[in-house]
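Given next are the chains, with one letter for each unit.
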Amino acid sequence: MDKSTRYKIFNDPIHGFITVPKGNILRLIDHPYVQRLRRIRQLGLGYLVFPAAEHSRFSHALGALELGQRVLSNLREKDTTISQPEYDGTLMAILLHDVGHGPLSHTLEHSLIKDFNHEMMSLAIMKELNQEFSGELDTTIQIFTNQYKKKFLHQLISSQLDLDRLDYLRRDSFFTGVSEGTVGINRILKTMRVFKGNIVIEKKGIYAIENYIIARRLMYMQVYQHKTVLSADFLLRSIFNRVRMLIDSGQNLHFASPALEYFLTVQPSAKKSISKEMLSHYTDMDDHDVFLNIKLWEKSEDRILSELCNRFLNRGLFRTTFLDKKPTDSQIEEIRKKTQKALKKLKLPADEESIDYFLSFERSYSEAYKYKNESIWILENEKAIEFSKAAETKNIIALTEPVVKHYCVHLKQVSI
């Protein structure tokens, strides 16, 4: 029998050839729920800053799957017992970990459904797939929800050093051209071990971990919380807020996407559960639904909605100014007055409510390493030592401090 018929090969610019054996994993890759990830950008609106950042959630899922195959094989070589059902279940959980992302990834995560995060939808989709696959995803769901007896399998999917982060840091660094995000993935994977039921890193991998934490900090500063990305995110949220306001006031807006219309008119909540209807509409959506509707709304008779959509389509973004500290009430009032004057000059509505679509005071938050809640453990002399205590360099302690930045998103005509 020709061995090439037993597996499928994907060519990936980050990890090279990714070999996927035929069976449930390949069936999942070919499923519409996973294929939908091809139409969702990994970095949301990051492409507006980094022109080549057009890579998808699908390529990231395949990349994480490849890292999963590597690390599970490495752990088996180090005499860690991993059965075939555990091996397959972990790989399927890694493949599906981001299947619940909506259009433009994180940008609209809290705008479409109340009391929601994408992990909730990932789990709902896994349960739906489990019915379709006649219970073949039972182990996958247990591992994903950390209900499985071998906790280290869940740690590969969700932890301070999971395969999701290892892939997206390297992938996002490559496609944005920000070389500071490059991580020594192979050394990290090769030095992973299971010790007393948990993932640890052998001491010879300590500098690769240090580089990983520094890369996370730099990628947050230069990519994920880039000032123009923050501005674009606010602009898109303003569009959706305006659409909701117009719907609530009784105006009939045209929609090119029935799925998006459902979420903006019904405004469902996931507080109790994710309904079949919610899941069906959600999995019908991708980035194209958002872009097509914005093109449609640009022609709206509502001046504010038309202006916001035009700015989004033609990259007429607002400006983001980082502030030394949280602004005072008087500073906010002064900037609101400046914005009101600028809107009048642009011949746009300038009442108090309208100002909020063009001005926002927010704060960004990032933690490169949360050592107090979830730690990375270094194996030294058959003892697991928390990374910041094991590292020889003192600068790691500084990287454990969260970075909080206050900022203002405003019209370029308004000086801060």
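This text gives an overview of the structure that appears in the document. (Residues numbered from 1 in each chain as written. Predicted model: local features only at pLDDT ≥ 70, side-chain atom pairs only at ≥ 80, totals over all residues. Heavy atoms only, no water.)

**With respect to the packing of aromatic side chains**
Here's step 1: Tallying each qualifying case throughout the model produces 14 aromatic pairs.
Here's step 2: For the pair Y47 and F291, a centre-to-centre distance of 6.4 Å together with 85° between the ring planes defines the contact as edge-to-face. Placement of the pair is Y47 in the loop between helix 2 (32-35) and helix 3 (57-77) and F291 in helix 14 (residues 287-297), with a sequence separation of 244 residues.
Here's step 3: Residue Y47 is classed as buried on the basis of its relative accessible area, which comes to 17%.
Here's step 4: For F291, a relative accessible area of 16% puts it in the buried group.
Here's step 5: Where Y369 meets F387, the ring centres are 6.1 Å apart and the plane angle is 75°; that geometry is what we call edge-to-face. Separated by 18 residues along the polypeptide, Y369 in the loop between strand 6 (360-366) and strand 7 (377-380) and F387 in helix 18 (residues 387-390) bring together distant segments of the chain. In this structure, Y369 and F387 share a single accessibility class: buried.
Here's step 6: One aromatic cluster is present, formed by F116, Y262, F263 and Y282 through successive ring pairs.
Here's step 7: Geometry around F133 places R27 over its ring, the cationic atom sitting 4.0 Å from the centre.
Here's step 8: A cation over an aromatic ring shows up here: R38 above the ring of F58, its NZ or CZ 3.9 Å from the ring centre. (Phe/Tyr/Trp six-rings, centres within 6.5 Å; stacked < 30°, edge-to-face > 60°. Helix = DSSP H or I, 4+ residues; strand = E, 2+ residues; numbered from the N terminus. Buried < 20%, exposed > 50% of the residue type's maximum accessible area, 1.4 Å probe, protein only. Lys NZ or Arg CZ within 6 Å of the ring centre and 35° of its normal.)

**Looking at the side chain of Q155**
Here's step 1: Considering the arrangement of structural elements, one finds Q155 in helix 7 (residues 151-155).
Here's step 2: One polar contact links the side chain of Q155 to the main-chain amide nitrogen of I199, over a distance of 2.8 Å.
Here's step 3: If sequence neighbours within four positions are ignored, Q155 has contacts with D162, N198 and I199. (Polar contact = N/O pair within 3.5 Å; in protein donor to acceptor, adjacent residues only side chain to side chain. Contact = heavy atoms within 4.5 Å.)

**Let's talk about helix 8 (residues 163-176)**
Here's step 1: Across its 14 residues, helix 8 extends 20 Å between first and last C-alpha, which sits within 8% of the 20 Å expected from 1.5 Å per residue.
Here's step 2: With eleven of 14 residues buried, helix 8 lies mostly within the body of the structure.
Here's step 3: Taken together, the buried positions of helix 8 are L163, D164, R165, L166, D167, Y168, L169, R171, D172, S173 and T176.
Here's step 4: Looking at the buried residues of helix 8, the elements they touch are strand 1 (7-12), helix 3, helix 4 (84-96), helix 9 (185-190), strand 3 (192-195) and helix 10 (206-224).
Here's step 5: Of the residues flanking the start of helix 8, the one acting as N-cap is D162, its side-chain oxygen 3.3 Å from the backbone nitrogen of D164. (Expected span 1.5 Å × (residues − 1).)

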